[in-house]
Amino acid sequence: MKASKLLSMIRKDIESYPIEYLRNKVTDPRYRDPLTKKLAKYNSDVYDEIFSTEITDDFDIKDGVIKSMRADIGFYFDKYAGGDDQNKRLTENISLYLALIAKRPLHPFSNDKSDDVYFSDGEYYCKGRIKYIHDEKSLCRYCVCKNLGFNGLFY
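Residues numbered from 1 in each chain as written. Predicted model: local features only at pLDDT ≥ 70, side-chain atom pairs only at ≥ 80, totals over all residues. Heavy atoms only, no water.

Undergrad: Can you help me understand the side chain of Lys 25 in this one?
TA: Looking at where Lys 25 falls in the secondary structure, it is placed in helix α2 (residues 19-25). Sequence-distant contacts of Lys 25, defined by excluding residues within four places in its chain, comprise Tyr 31, Thr 36, Lys 37 and Ala 40. (Helix = DSSP H or I, 4+ residues; strand = E, 2+ residues; numbered from the N terminus. Contact = heavy atoms within 4.5 Å.)

This is the structure:
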């Protein structure tokens, strides 16, 4: 499948998502966990990016990768968040966009090496990837982040 076709499918699938709910999590005092707020900000920014992105140099994405990724996200939601179809679809589409089109991490990142996911010298790194990539149906298999060596874990 062409990346432009996948992007079009992603847009169509999430256009009715109530994105204001996600945007409001960032400032809503009921959500105290900083990771929840950071993830809500990241995902709502990616949502906006999906609708503003124009693919100028189209490229192919293997249908099997898309199918496998959708199935792995479905496995995760069935196991940990059953019944939440709306957020499953949003997560699925944001993940497809990030991993296969934008080629960025599935998690929020920074330029600070003390963060779990960070960007340095033109590469993305994840401190948890080396552990979580072995989980059943792990999405780490699709993420662009590189594993850190032992010394990288101590920043």
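Undergrad: Hey, could you run me through the pairing of strand β1 (residues 117-120) in this one?
TA: A regular strand places its side chains so that they alternate between the two faces of the sheet. With four bridges joining them, β1 and strand β2 (residues 123-126) adopt antiparallel strand pairing. Within the sheet, the bridge partner assigned to Val 117 lies in β2 and is Cys 126. Hairpin connection of β1 to β2: two residues between the antiparallel strands, including Asp 121 at a positive phi of 50 degrees. (Pairing = 2+ DSSP bridges.)

Undergrad: Help me understand the sheet that holds strand β3 (residues 146-147), please; the structure alone is not making it clear to me.
TA: Hydrogen bonds between backbone groups are what pair the strands of a sheet, and the pairing can be parallel or antiparallel. Taken together, three strands build an open sheet; the order of strands is β1-β2-β3 and the sheet is mixed. A strand with exactly one partner marks an edge of an open sheet, and here the two such strands are β1 and β3.

Undergrad: What's the story with helix α3 (residues 34-52) in this structure? I'm lost.
TA: Three or four residues apart is the spacing at which side chains of an α-helix point the same way, because the helix has 3.6 residues per turn. Its 19 residues give α3 an end-to-end C-alpha distance of 27 Å, which sits within 8% of 27 Å, the value for a rise of 1.5 Å per residue. Burial in α3 covers these residues: Ala 40, Tyr 42, Asn 43, Ser 44, Val 46, Tyr 47 and Ile 50. (Expected span 1.5 Å × (residues − 1). Buried < 20%, exposed > 50% of the residue type's maximum accessible area, 1.4 Å probe, protein only.)

Undergrad: Help me out: how do you make sense of the packing of helix α4 (residues 63-80) against helix α5 (residues 85-102) in this one?
TA: Packed helices, taken two at a time, are described by their axes: the angle between them and the distance between them. Running from N to C, α4 and α5 cross one another at 140 degrees; their axes reach a closest spacing of 10 Å. Relative to α5, the element α4 lies oblique. As for the relative orientation of α4 and α5, their crossing is right-handed in sense. Counting all contacts with α4, which are made through Val 65, Ile 66, Met 69, Arg 70, Ile 73, Gly 74 and Phe 77, the residues of α5 involved are Asn 87, Lys 88, Thr 91, Glu 92, Asn 93, Ser 95, Leu 96, Ala 99 and Leu 100. Of the residues belonging to the contact of α4 with α5, the class tally is eight nonpolar, five polar and three charged. (Axes fitted to C-alpha atoms, helices over the stretch in contact; angles between N-to-C directions. Parallel < 35°, antiparallel > 145°, perpendicular 65-115°, else oblique. Left-handed = near helix turned anticlockwise from the far one by under 90°. Nonpolar A, V, L, I, M, F, W, Y, C, P; charged D, E, K, R; others polar.)

Undergrad: Explanation requested: the nonpolar core in the structure shown.
TA: Within soluble globular proteins, side chains that are nonpolar generally end up buried alongside one another. Counting residues in hydrophobic clusters, the biggest one holds 33 residues, and the most contacted among them are Ile 10, Ile 50, Met 69, Tyr 97, Leu 100 and Ile 101. Of all the elements in the fold, those that place two or more residues in this core are α1 (3-14), α2, α3, α4, α5 and β2. The element contributing the most residues to this core is α5, with eight residues. Setting aside its immediate chain neighbours within four residues, Ile 50 contacts Leu 7, Ile 10, Arg 11, Ile 14, Ile 94 and Tyr 97. (Core = buried A, V, L, I, M, F, W, Y, C linked by side-chain atoms within 4.5 Å.)

That is the geometry; function is a separate question.
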